[in-house]
Every structure is written in C-alpha cells, then in structure tokens.
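Observations on the model geometry
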Amino acid sequence: GPTGATGATGAAGPTGATGATGAAGPTGATGATGAAGPTGATGATGAAGPTGATGAAGPTGATGAAGPTGATGAAGPTGAAGADGATGAAGPTGATGATGAAGPTGATGATGAAGPTGATGATGATGAAGPTGATGATGAAGPTGAAGADGATGAAGPTGAAGATGATGPTGSTGPTGPNGLVSGVATYGSSNNTTAIYANNAALINLTTTGLVGIGTASPGAMFDVHYASQSFGSTGATMQLTSTDTQAADLGGSIAFAGQDGAIAARTFAVIAGRKENSTGSNYAGYLAFATRANGSVPVEAMRITSAGLVGIGTTPSAEKLEVNGNVKATSFISTSDERLKENIQTSPGLDVITRLTGVSWQWRNNQVHDAGVIAQQTEKVLPWAVITDAKTGYKAVKYNALFAPLIESTKELYGMCKANGDAIESLKQENLSLSRDLASVKVENQRLSSEMEQIKAQQQELLRRLEALEKRSQP
C-alpha cells in the first residue's frame with residue numbers, strides 16, 4: 001500500500017522578543033499507516049504431473065508518496081524533525097501461476113525374465129494297499145470225454161481134431177512185427193518203445209514221450225506241450241487251442257491261462273493271468289474283452305490292463321471312450337502328434353492374450369491318491385475354448401486336450417513381444433527427448449547466471465547513483 005503522508009511540520013512559534021528563544025513548535029502527528037493490500041487468491045493445485053514453472057513474482061507495491069515538507073519556520077530555531085512515516089504495507093502477492101499439465105505417463109518397462117521354477121515338492125506317501133479280494137470259487141470240473149469204442153473181436157476159427165503129438169521141432173526165428181491193428185485206443189510204439197499214443201480212427205492224436213513231452217498233432221513235440229494245427233482266421237469259430245469256462249452265463253466270466261512257478265516251498269505259485277471274458281450278461285451278446293492280471297506280493301492277481309471289444313486299451317482303468325486310457329503317469333522320450341497341413345481345412349490364426357487372460361492356472365491334489373498336480377479345470381476351460389474339452393459319454397467326466405493350449409500360448413508370446421518392442425521404442429524416444437531437455441536446461445542455467453551477473457552490476461550502479469544523488473542534495477541545501 002502507499003506510504004502514509006508525512007505529518008505537516010508544526011508552525012513556527014512567534015518570534016519572541018530578542019532574548020529567549022521561543023519554545024519549539026509541537027511535533028506534527030505521525031501519518032496513519034496505509035491499509036494492507038488484499039492477498040491474491042491461491043491458484044488451484046494442478047494434477048499430479050511434473051510441477052509447472054513457477055509463476056512470475058507479483059509486482060512490488062509502489063512506494064508511498066513522500067509527505068510534503070513542512071514550511072520552513074521563521075528565523076527561529078528549526079523545529080524538531082517530524083518522525084518518519086511508517087513503511088507502507090507490502091503490495092499484494094501476485095497470484096500463483098497455474099500448475100502445468102501432467103506430463104505423459106512413461107511407457108511400462110519390459111517384463112522381467114521369469115524367475116527359476118521352484119523345486120518340486122516331495123512325493124506324497126504311497127497309500128496303503130487295499131484289502132486283498134476274496135479268492136474266487138474253483139470252477140466245476142469239465143465233463144469227462146466219452147470213451148472210444150472198443151475194436152470188434154474177430155470170429156473164432158473151428159477147432160480141429162486133436163492129432164497125435166509130433167516131436168518138437170526146432171524153434172524158428174522170430175518174424176517181423178506186424179502192423180498195429182488198433183483203430184482206437186492206447187498203444188506204445190517206436191524202436192525203443194519211447195512214445196505212448198492215443199489213437200482215434202487209426203490216427204495218433206496225442207503223443208506222450210518218455211521225457212514227459214506232450215504233442216497234439218505231432219509225434220515229435222518240441223516243448224512240454226506242443227500243438228500243431230492249421231491256422232484259423234479270427235472270423236471263424238475255430239482256433240489252435242480253446243479254453244472254455246463252465247460257469248453259468250454272466251459278465252466277467254470266461255477262459256483263462258495262469259502263469260506260475262516255484263516260490264519257496266510252493267511248487268506252483270501263480271504270478272500272472274491272461275483271461276478272455278464276457279463283457280455283459282445278455283444272452284446272444286457275445287462281446288468279450290481280454291484282461292491281463294499281475295500279482296503284487298501279499299495279494300491275489302489283479303487286472304492291470306484291458307482291451308475291450310471295441311479295441312479300447314485301458315491301463316490301470318477300464319477304458320470308456322479313447323483308444324488308450326491310462327490311470328497314472330506316462331513316461332516317454334517323445335510324443336508325436338499328426339499335424340500335416342494336407343489333412344486340415346479352415347486353418348485360422350489362433351487368438352492369443354484374449355484367450356490366455358481368461359484361463360486360470362490352478363494346482364490341486366487328486367482325490368484317489370492325494371498326488372499333487374497342476375494345470376487347468378475342464379469346466380472353466382470349456383467356457384473359453386469349448387473344442388479343447390472332451391466329455392466322456394459314459395461317465396460324464398471331462399478331460400482337457402492340453403496341446404490345444406499351445407496355439408494361444410504361442411500367439412500370446414508374439415503379442416507380448418510386440419508390446420515390449422513398442423515400449424522399448426517409446427522409452428528410447430523419451431530418452432532422446434530427455435537428453436534434449438537436459439541440454440536446454442543447461443543453456444537456461446547459463447543464461448540465468450549471465451542475467452544474475454548483469455542484475456548485480458545494475459544494483460551496484462543504482463547504489464552509486466543514489467550515493468551521488470544524496471551528495472548533490474547535501475550540496476544544494478543552504
């Protein structure tokens with residue numbers, strides 16, 4: 001605000017008679033202090049970007065006008081100088097400059113490389129073995145085959161009249177052995193009487209050697225049980241050998257072969273079984289399966305693999321839909337999938353991040369063995385990629401074709417690479433822009449220093465001018 005006017009100099013007292021000096025006039029009252037100027041409104045706070053340049057300082061309030069100089073008193077003594085007027089209030093502070101607009105957000109930095117995979121957790125303890133199933137009842141003995149018919153006895157010749165007993169003649173040499181006259185029955189033959197045969201229709205069907213080898217269709221068996229028979233096609237009802245169960249018609253019953261051997265004091269311990277069995281209990285429905293059973297210590301033989309009438313193979317499980325179903329881990333050096341372009345149509349580029357960001361990776365424990373595993377949930381995946389999920393028509397359980405996830409993962413990687421590259425280019429551009437701004441700032445600093453130096457010189461010149469002005473004022477006073 002302006003400086004208050006200087007109080008008027010009191011009037012000079014009347015000149016007294018020559019003699020005592022008149023009393024000094026009263027000092028003029030001090031001028032009132034000017035009112036303070038209003039404070040400028042504070043500018044609104046800008047957004048959280050970089051701080052804008054500081055607004056220029058408001059102009060300095062004008063210096064209040066000097067109060068008028070009191071009239072010089074008459075030749076009496078000079079009245080005491082009036083007190084200096086109070087300094088005017090400071091001029092209003094200039095309004096704060098508006099905060100500059102927020103600078104653009106820097107590009108997102110490239111994603112860091114994936115951290116190393118954590119160590120695999122310890123394998124859970126093997127569950128206790130299930131109780132041994134009860135031993136199945138022994139099948140009834142098959143019926144004994146009918147005995148072959150005895151050969152007819154030749155008719156007795158007529159008895160001749162008894163002649164006189166002649167002298168005993170010399171014994172003739174033994175004649176050659178005539179052919180075996182058996183049509184059916186059991187006979188022993190060979191130069192050393194080493195083979196026993198069972199005949200039918202004048203043909204040896206079963207041969208038993210003295211070494212215990214049994215041959216069917218061969219007189220020279222090469223193994224403990226050697227069968228020779230013409231090959232039979234799968235479409236015929238015949239076979240080289242047939243094992244028939246005599247059980248009443250029911251599912252899961254049929255002929256089987258057991259493989260056994262010495263086990264301690266037990267001469268014939270069963271180790272494994274192969275069985276051909278009926279799949280159903282319906283008459284005239286002769287669909288059958290082939291089962292392979294193995295035996296664990298302390299247990300009975302348990303089915304380990306099955307081939308169904310539809311040609312489906314199950315290991316550790318009964319297959320229901322796929323050509324091969326395995327309950328457990330499958331270990332291999334390589335898995336190959338057919339992927340020839342000539343076998344495909346409607347080929348399209350797979351979506352990438354749009355699919356992957358809607359899938360959820362999870363970990364879990366299987367209910368049947370508490371083994372830890374990880375992947376995706378079929379029901380969740382089906383909502384995003386329905387063709388990557390298969391539902392078993394018999395059981396209703398769902399399965400995921402994990403190789404169907406490879407395509408969106410590949411495309412996601414490519415999309416992420418493009419984003420990282422674009423961000424890298426933007427960062428490089430910002431670096432160059434920042435370098436240019438740094439150079440400009442350095443130039444501004446140099447210019448500021450030059451202006452500061454000039455300002456100091458101007459201040460010195462002003463002080464010198466004021467000093468000279470004061471000197472001239474003193475000289476001009478009477």
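These figures come from a predicted structure and were not determined experimentally.

**With respect to the overall build of the chain**
When helices and strands are tallied, the chain shows three helices and 15 strands. Buried residues in the chain amount to 10% of all 478 residues. Long-range pairs, those at least 24 residues apart, make up 36% of the contacts in the chain with a sequence separation of at least 6. Accessible area for the chain stands at about 36900 Å²; split by element, carbon and sulfur atoms hold 57% of it.

**Quick notes on the environment of P351**
Within the secondary structure, P351 is located in the loop between β11 (324-326) and α1 (353-356). When its relative accessible area of 42% is taken as the criterion, P351 is described as partly exposed. The residues contacting P351, other than those within four sequence positions of it, are P408 and E411.

**Thoughts on the confidence of the model for the chain**
Put simply, the chain has an average pLDDT of 75, and 59% of its residues get 70 or more. Considering only residues more than four positions removed or in separate chains, one finds that residues 18-22, a stretch of pLDDT under 50, has two contacts. Predicted confidence is poor over residues 175-183, with pLDDT under 50, and the contacts of this stretch with residues over four places away or in other chains come to seven contacts.

**Details of helix α3 (residues 406-476)**
If you check α3, its first and last C-alpha atoms are 102 Å apart, about what 71 residues at 1.5 Å a residue would give, namely 105 Å. For α3, every residue scored as buried is listed here: P408, E411 and S412. In this fold, the buried residues of α3 make contact with α1.

**Structural notes on the pairing of strand β12 (residues 362-365)**
Summarising the sheet, β12 and strand β13 (residues 372-375) pair through four bridges and their orientation is antiparallel. When the bridges of β13 are listed, Q365 appears paired with H372. Between β12 and β13, which follow one another and run antiparallel, lie six residues, and Q370 among them has a positive phi close to 60°.

**Quick word on the side chain of N207**
Tracing the backbone through its elements, the reader meets N207 in strand β3 (residues 203-209). A relative accessible area of 2% means that N207 is categorised as buried. Polar side-chain contacts of N207 include one of 2.9 Å to the backbone oxygen of T218.

**Observations regarding the pairing of strand β8 (residues 288-294)**
Here β8 shows a buried face lined by Y289, A291 and A293 and an unburied face lined by G288, L290, F292 and T294. Examined bridge by bridge, strand β7 (residues 266-278) and β8 share seven bridges and lie antiparallel to one another. Within β8, the position partnered with G276 by the bridge is L290. Note: β8 against strand β9 (residues 302-307), five bridges, orientation antiparallel. By the bridge assignment for β9, F292 is matched with M305.

What counts and what doesn't
Residues numbered from 1 in each chain as written. Predicted model: local features only at pLDDT ≥ 70, side-chain atom pairs only at ≥ 80, totals over all residues. Heavy atoms only, no water. Helix = DSSP H or I, 4+ residues; strand = E, 2+ residues; numbered from the N terminus. Buried < 20%, exposed > 50% of the residue type's maximum accessible area, 1.4 Å probe, protein only. Contact = heavy atoms within 4.5 Å. Areas by Shrake-Rupley, 256 points an atom, 1.4 Å probe, with all protein chains shown as cover. pLDDT = per-residue confidence, 0-100. Expected span 1.5 Å × (residues − 1). Pairing = 2+ DSSP bridges. Polar contact = N/O pair within 3.5 Å; in protein donor to acceptor, adjacent residues only side chain to side chain.

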